[in-house]
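Residue-level listing of the chains:
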Amino acid sequence: MFAKNTAAPAKKIATVAGKTTDSYGPLRPFPAVGIRPTIDGRRDGVRESLEGQVFAMAQSAAELISASLRYPDGSPVRCVVAETCIGGAAEAASTARQFAKEGVGVSLTVTPCWCYGSETMDLDPHTPKAVWGFNGTERPGAVYLAAVLAAHAQKGVPAFGIYGQDVQDAGDTSIPADVKAKILQFVRAGLAVAQMKGRSYLSVGGTSMGIAGSIVNHDFFQKYLGMRVESIDMVEVLRRMERGVVDGAETEKALAWVEKNCQPGPDINPPKRQHSDARKAQEMKTCVQMTQIIRDLMVGNPRLAELGFGEEALGHDAIAGGFQGQRHWTDHLPNGDFAEAMLNTSFDWNGIRAPYVVATENDSLNAVPMLFGRLLTNTAQVFCDVRTYWSPAAVKRVTGHALSGQAKNGIIHLINSGPAALDGIGAMKAKGKPAFKPFWEITEADVTATMKSVTWCPAVDEYFRGGGFSTNYKTLGGIPVTMTRLSLVDGLGPILQVIEGWTVELPGKVHQTLDGRTNPTWPTTWFAPRLTASGPTSTVYGIMAGWSANHCALTFGHVGGDFASLAALLRIPVAMHNLADEQLFRPASWGLFGAGDAQGADYRACAAYGPIYG
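Residues numbered from 1 in each chain as written. Predicted model: local features only at pLDDT ≥ 70, side-chain atom pairs only at ≥ 80, totals over all residues. Heavy atoms only, no water.

## Observations regarding the pattern of salt bridges
Heads up, the rule is: Only one rule defines a salt bridge in this text: a Lys or Arg side-chain nitrogen within 4 Å of an Asp or Glu carboxyl oxygen.
Scanning the entire structure with this criterion turns up 24 salt bridges. A salt bridge links lysine 437 to aspartate 446; the nearest nitrogen and oxygen atoms lie 2.7 Å apart. Three or more residues are tied together by salt bridges with common partners; here these are Glu236, Arg239, Arg240 and Glu312.

## As for helix α4 (residues 141-155)
Because the α-helix completes a turn every 3.6 residues, residues three or four places apart line up on one side. Quick note on the threshold: Runs of H or I in DSSP of at least four residues are treated as helices and runs of E of at least two as strands, each being numbered from the N terminus. To estimate the expected span of a helix, count its residues, drop one, and scale the result by 1.5 Å. Exposure is judged per residue with a 1.4 Å probe applied to protein chains only, and the accessible area is read against the type maximum: over 50% gives exposed, under 20% gives buried, and values in between give partly exposed. It is the directions from the helix axis to the C-beta atoms that the arc portrays. By definition, residues are in contact when any of their heavy atoms lie within 4.5 Å.
Given a rise of 1.5 Å per residue, 15 residues ought to cover 21 Å, and the 21 Å separating the end C-alpha atoms of α4 matches this to within 8%. Listed in full, the buried residues belonging to α4 are Gly141, Tyr144, Leu145, Val148, Leu149, Ala151 and His152. All buried residues of α4 project into a common sector of 155° when viewed along the axis, lining one side. Among the structural elements, β5 (104-111), α3 (117-120), β6 (129-133) and β7 (160-162) are those in contact with the buried residues of α4. Following α4 by one or two positions, glycine 156 adopts a phi angle in the positive range, close to 75°.

## Examining the nonpolar core
This is how it is decided: Nine residue types can take part in a nonpolar core, namely buried Ala, Val, Leu, Ile, Met, Phe, Trp, Tyr and Cys, and a core is a set of them joined through side-chain atoms within 4.5 Å.
Counting 71 residues, the largest nonpolar core has Ile65, Leu108, Trp132, Ile183 and Leu225 as the members making the most contacts within it. Setting aside anything within four residues of it in sequence, one finds isoleucine 183 in contact with Leu64, Ile65, Leu108, Trp132, Ile162 and Ile175. Within the second largest apolar cluster, 46 residues are counted, among which are Cys262, Cys287, Val386 and Leu422.

## A word on empty space enclosed by the protein
Let me state the cut-off plainly: Both cavities and pockets are sets of points on a 1 Å grid over the protein atoms alone; in a cavity a 1.4 Å probe fits but cannot get out, in a pocket the set is open with protein on both sides within 12 Å along at least five of seven lines, and lining residues sit with an atom within 4 Å of a point. Grid points are joined across faces, edges and corners, and a volume is the space filled by probe spheres set on the points. The nonpolar class holds Ala, Val, Leu, Ile, Met, Phe, Trp, Tyr, Cys and Pro. Asp, Glu, Lys and Arg form the charged class, and all remaining residues, Gly among them, are polar.
All told, the structure shown has six cavities of 30 Å³ or more when counted by the stated rule. Put simply, the largest cavity is a space of about 70 Å³. Around the largest cavity sit 13 residues that line it, and Gln326, Gly336, Asp337, Glu340 and Thr360 are the ones nearest its centre. Within the lining of the largest cavity, the residues separate by chemical class into two nonpolar, eight polar and three charged. Roughly 60 Å³ of internal volume is contained in the second largest cavity. A breakdown of the residues in the lining of the second largest cavity according to their chemical character gives three nonpolar, five polar and four charged.

## What about the confidence of the model for the protein?
Cut-off, in case you're wondering: Confidence of the predictor in every single residue is expressed as pLDDT, which spans 0 to 100.
Residues of the protein with pLDDT of at least 70 account for 96%, and the chain-wide mean is 94. For the stretch residues 3-20, pLDDT sits under 50, and the model shows 38 contacts to residues farther than four places along the chain or on other chains.

## Concerning unusual backbone geometry
The phi angle of most residues is negative, glycine excepted, and most peptide bonds adopt the trans form. Of the consecutive residues glutamine 326 and arginine 327, the connecting peptide bond is found in the cis state with omega at -10°. Within the element layout of this structure, arginine 327 appears in the loop between β11 (318-323) and α12 (337-344). Not every positive phi belongs to a glycine, and asparagine 362 is a case in point at roughly 55°. Inspection of the secondary structure assignment puts asparagine 362 in the loop between β14 (358-360) and α13 (364-377). Positive phi is not limited to glycine here, since arginine 571 has a value of about 65°. Of note, arginine 571 is situated in the loop between α18 (560-570) and β25 (574-577). A residue is classified by how much of its surface remains accessible, and arginine 571, at 9% relative accessible area, is buried.

## Overview of the packing of aromatic side chains
The condition is simple: Aromatic rings from Phe, Tyr and Trp, taking only the six-membered ring of Trp, are treated as a pair when their centres fall within 6.5 Å; an angle between ring planes under 30 degrees marks them as stacked, one over 60 as edge-to-face, and anything in between as tilted.
Under the definition given, this model contains 17 aromatic pairs. With 4.9 Å between their ring centres and 70° between their planes, phenylalanine 160 and phenylalanine 585 make a pair best called edge-to-face. Taken together, the residues span a long stretch of sequence, with phenylalanine 160 in strand β7 and phenylalanine 585 in the loop between β25 and α19 (598-609) at a distance of 425 residues. Note on phenylalanine 160: relative accessible area 0%, which makes it buried. On the basis of relative accessible area, phenylalanine 585 is assigned to the buried category, the value being 8%. Here phenylalanine 323 and tryptophan 329 contribute two aromatic rings whose centre-to-centre distance is 5.7 Å and whose plane-to-plane angle is 80°, an arrangement assigned as edge-to-face. You can call tryptophan 329 buried: its relative accessible area is 3%.

## A look at the pairing of strand β16 (residues 411-415)
To keep things clear, this is the line we draw: Here the rule is simple: two strands pair whenever DSSP picks up at least two bridges between them.
By the criterion of burial, β16 is predominantly enclosed, with five of the five residues buried. The two faces of β16 match: Ile411, His413 and Ile415 on one face and Ile412 and Leu414 on the other face are all buried. With four bridges connecting them, β16 and strand β23 (residues 524-529) associate as antiparallel partners. Directly across from isoleucine 412, in β23, lies its bridge partner phenylalanine 527.

## Notes on the sheet that holds strand β19 (residues 455-458)
As summarised here, the arrangement of the three strands in space is β10-β19-β20, forming an open sheet in which the pairing is mixed. Lying at the two open borders of the sheet, with one neighbouring strand each, are β10 (263-264) and β20 (469-472). Two elements, β19 and β20, share four bridges in a ladder whose sense is antiparallel. Residue pairing across strands places cysteine 457 opposite serine 470, the latter belonging to β20.

## Concerning the pairing of strand β24 (residues 551-556)
Among the six residues in β24, five count as buried, and that is most of the element. Summarising the sheet, strand β21 (residues 480-489) and β24 pair through four bridges and their orientation is antiparallel. Following the sheet pairing, threonine 484 is matched in β24 by alanine 553.

## Things to note about the side chain of arginine 586
Defined as follows: In protein, a polar contact means a hydrogen-donor-capable atom and an acceptor-capable atom, both N or O and within 3.5 Å, with residues adjacent in sequence counting only if both atoms are side-chain atoms; elsewhere, any N or O pair within 3.5 Å suffices.
In this fold, arginine 586 is placed in the loop between β25 and α19. Judged by relative accessible area, arginine 586 falls into the buried class, the value being 13%. Among the polar contacts listed, one links the side chain of arginine 586 to the side chain of aspartate 602, at a separation of 3.2 Å.

## Looking at the packing of helix α1 (residues 46-68) against helix α5 (residues 177-196)
Applied cut-off: All axes are obtained by fitting lines to C-alpha atoms, using only the stretch in contact for helices, and the reported angles, taken between N-to-C directions, cover 0 to 180 degrees. Left-handed describes a crossing whose near helix is turned anticlockwise from the far helix through less than a right angle; right-handed describes the clockwise counterpart.
It is at 11 Å that the axes of α1 and α5 come closest, and there the two elements cross at 65°. In this structure, α1 crosses over α5, and the sense of that crossing is right-handed. Every residue of α5 that contacts α1 at Leu64, Ile65 and Ser68 is listed here: Lys180, Ile183, Leu184 and Val187. In terms of residue class, the contact of α1 with α5 is made up of five nonpolar, one polar and one charged.

## Some points on the environment of glutamine 263
The residue glutamine 263 is located in strand β10 in this model. Along the chain, glutamine 263 and serine 453 lie 190 residues apart, while their C-alpha atoms are 9.0 Å from each other. One polar contact links the side chain of glutamine 263 to the main-chain carbonyl oxygen of lysine 452, over a distance of 3.0 Å.

## Regarding α12
Of all eight residues in α12, eight are buried, a share of seventy percent or more. Taken together, the buried positions of α12 are occupied by Asp337, Phe338, Ala339, Glu340, Ala341, Met342, Leu343 and Asn344.

Here it is as structure tokens:
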């Protein structure tokens, strides 16, 4: 239906060695985590007695981080331990110079003893920072922790405070579980901040059908994320297709892969509006080349330089992007559904790879939480419409089915108007359960199972007059996911919403009945949020009614705490969440803005500090 198959199946990309670009962008050193061992600077017995213990503590932290966390390319997170213990301002300055030279983007100060707080602290306002004070009795590590956090609060340089619940012996070099959890939560959030800084959001086109999120706000990206916005007209995609600024050999390889692996779905258009097989084949070629071109626009492609297009080979250094599509493109040309679905997926005709972040309808404010989730988890993100709340009574009335289990209080229909990352099916398995996986854990069996679970339906002509193909699947049930959205509020600034829950799998006929009331050719996820005892998150209806926009991002796992920590680092308050108190880990000074009112304190702290790059 699409094209003749002439190529072998894609093979897994096991390494990025020798490549000049990948889905993260032009290869460059990832930001490192700097470990700052601070010490009591008094000589003649005090400092000398502590050097070994302090360095051991720093090394333990570095080993934990490198063993537990990975960069988007799958490599272990790199830690840089200061060359000397930091006993005062001179050594603090020397360490700052060392860290700048070695590309440190996140700072963790560790100590088991008293140190001189304001003399040893990290004062860089743009580097996410935390302090781990050892809970021991021989030396007052807790006293230093309190003193230096007070200095951070007084100087307006927020820092996370880490302190174990249980006292340890002086010679204990282990890291308690609660301390490990806080270190890793902080580092995940801090690295996300550091990796966004200096990168670009690529806006391909402009505002889609009046969607506010696609009115791309340059000031927000610059002041809150440290990113630039690169804007190009969609005609650039057409120019590259018509003038051959695209790798034709890759196009043929991709079409062969599509013919072998992409199952055609039903054409629900009236017969007189259905396209011929020849036209569908041409539309698929256009869709494939749109995928290539949007990728090349984002991160560049050295192959284009070999073809004589040196300027186009560079790309726009984009870590995320969006494609407007509707309606200026889709009224005339094939839609962006195939391109957006494949780019956001963890594989394509070139093999298994890290996913890109590309927002449907150029909704940049949904691209941002997708980017957050990608950096926090290294997994593909699912772009969704927050379409419909189905109450138990409404489901019963329409289908006769009684919702039960995690869905007993109602469900939200998350469905996109055509594309969504194929990882969102849940056909990949981790420990025998449906999951989204980092690309380095994905197998060829995962790819095969995923492609067998999706069909590509000819686009509904009344929506997409230029044709194209919509991604059609339903997500498997029981997958833990986190739903997020960023919105801008006049007079307030950005806010984030974070809701944890599970995917739900409805009986086949029930799904068909409910799904058929909107568009059965689009990808669907049925979502059941976890409810709280009170407030807007105490009912599924309250969550739906309180959602701040028509779109959301879906991230694998219950990782709402990581989103909240990241938001605090960026000075973005969390407007609605269903997280437990123990999941909320923010800079220590947040508690000074109202310890009895965590949400209000979050708003007040973010307003007081202002955007991190503001």
